[in-house]
Amino acid sequence: MLIKRASWAKLRGEDIPGSEITPESSYLSRRRFISSAVVLGTGSLLGTPVSAGLQPDDELTPESIVTGYNNFYEFGTGKTDPAENAHTLTTNPWSVKVSGEAKRTGEFAYEDLIKGITPEERVYRFRCVEAWSMVVPWQGLPLKAVLEQFEPTTKAKYVEFKTLVRPSEMPGQKGFFSAIDWPYVEGLRMDEAYHPLSIMVVGLYGKGLPNQNGAPWRLMSPWKYGFKAIKSIVSIRFTQRQPRNTWNILAPDEYGFYANVNPQVSHPRWSQATERRLPSSLFAPNRRPTLPFNGYADEVAQLYKGMDLAKYY
Ligand code: MTE
């Protein structure tokens, strides 16, 4: 894993001469840098040494794929629907309701919640439960720093997140045929949320987060399947009990609460042993083995010590 400081002004596109905006090509030329970081084998995260989660053959997924091949059912179920439809979403102003087991609750302006937290660049592997994967340079805020602002009490064992409901701007929420009972809901155990790898994403490829990727902020815990990475968050609730999450409600036999990437536990309809690293085609499938915890086992496996991961999938 790579960590570097990012800048709010850059993410907002403010006061930055065009020459300083990192073009995709220069990100891509950092491939060698990624490999050498892996060879060195260590990074430093909040003072804790961590091994690099990236493999020597991990290459950044082109920006056009990260922002053009999406899952965001609020804008349609097709992979290109979010990129085509999400421009209608207005994200300024944006407010977030905080409730439950915390001392500071209420309605907060997004700007006030991110103030004072420095975004960091995290290059993470990203594995969808549908068995495709990417490597994405995200910019994000340590989730722990975001959540601690609300002073969760000792009763807070889980944190639940909800996405915006606004059918006037989210065409996928209009249909009566939609199987999803909006809003999209996700959750984490508090120790998962406080894990240093968990971030609230606010940008990618050094730019502000595109709407189709979950503007203005979305979750990312890279050892979990992509459906945990809830987008366009407007509600944060601290709970004593495990929250229900959207895909678990829809198909409990297929999608659990934990959703830790696990090549040994098949989805009932397909194997999770391998993945297609995008870009992938019929002739060049770019298939590779899936790693336990998506390659982050050294960092996160201890969170699940003693748990039967086939039962808590
Ligand atoms: N969040 C909301 N609100 N709605 C969604 O449909 N899809 C999830 C997740 N977050 C989804 C969501 C799934 S299944 C995946 S794989 C990732 O977003 C996709 O993120 P990406 O489009 O940035 O690649």
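Note that the coordinates shown come from a computational prediction; the quantities given were computed from them, not determined experimentally. (Residues numbered from 1 in each chain as written. Predicted model: local features only at pLDDT ≥ 70, side-chain atom pairs only at ≥ 80, totals over all residues. Heavy atoms only, no water.)

Visitor: Describe the layout of surface pockets, with residues and values.
Guide: Taken as a whole, the largest pocket spans an internal volume of roughly 450 Å³. Taken together, 28 residues line the largest pocket, and the ones lying closest to its centre are Asn71, Cys128, Tyr184, Gly226 and Phe227. The leading source of residues in the lining of the largest pocket is strand 7 (residues 132–142), at four residues. Classifying every residue of the lining of the largest pocket gives 18 nonpolar, five polar and five charged. By volume, the second largest pocket is sized at about 320 Å³. Lining the second largest pocket are 16 residues; nearest its centre among them are Arg12, Thr91, Tyr110, Glu111 and Pro216. Those elements giving two or more residues to the lining of the second largest pocket turn out to be helix 1 (8–12) and helix 6 (110–114). (1 Å grid on protein atoms, 1.4 Å probe; cavity = no way out; pocket = protein on both sides within 12 Å on 5 of 7 lines; lining within 4 Å. Points joined across faces, edges and corners; volume = space filled by probe spheres on them. Helix = DSSP H or I, 4+ residues; strand = E, 2+ residues; numbered from the N terminus. Nonpolar A, V, L, I, M, F, W, Y, C, P; charged D, E, K, R; others polar.)

Visitor: Please provide a residue-by-residue account of the confidence of the model for the protein, values included.
Guide: Confidence along the protein averages 90 in pLDDT terms, with 87% of residues attaining 70 or more. A low-confidence stretch, residues 32–51 stays under pLDDT 50, and its non-local contacts, those more than four residues away or across chains, total 34 contacts. (pLDDT = per-residue confidence, 0-100. Contact = heavy atoms within 4.5 Å.)

Visitor: Requested: an account of the pairing of strand 8 (residues 158–163), with residues and values cited.
Guide: Along strand 8, five of the six residues are buried, which leaves the element largely enclosed by surrounding structure. Across five bridges, the pairing between strand 8 and strand 9 (residues 185–189) is antiparallel. Considered in strand 9, the bridge of Phe161 is made with Glu186. (Buried < 20%, exposed > 50% of the residue type's maximum accessible area, 1.4 Å probe, protein only. Pairing = 2+ DSSP bridges.)

Visitor: I'd like a description of the side chain of Arg277, backed by residues and values.
Guide: Here Arg277 shows up in strand 14 (residues 274–277). Within the local environment of Arg277, its side chain forms a polar contact with the side chain of Asp58, the two groups lying 2.7 Å apart. If we skip the residues at most four places from it in the chain, Arg277 touches Asp58, Arg125, Ser133, Met134, Val135, Pro285, Asn286 and Arg288. (Polar contact = N/O pair within 3.5 Å; in protein donor to acceptor, adjacent residues only side chain to side chain.)

Visitor: Can you tell me about the site of the ligand, naming the residues and giving the values?
Guide: Taken together, the neighbourhood of the ligand is formed by 16 residues, with Asn70, Tyr73, Glu74, Thr163 and Lys231 sitting nearest. Here an oxygen atom of the ligand sits 2.9 Å away from a polar atom, N or O, in the side chain of Asn70. Within the contact set of the ligand, a nitrogen atom lies 2.8 Å away from a side-chain nitrogen or oxygen of Glu74. Most atoms of the ligand, that is more than half of them, are within 2 Å of grid points of the largest pocket. Residue composition of the shell around the ligand, by class: eight nonpolar, five polar and three charged. (Near = heavy atom within 4 Å. Sits in = over half its atoms within 2 Å of the grid points.)

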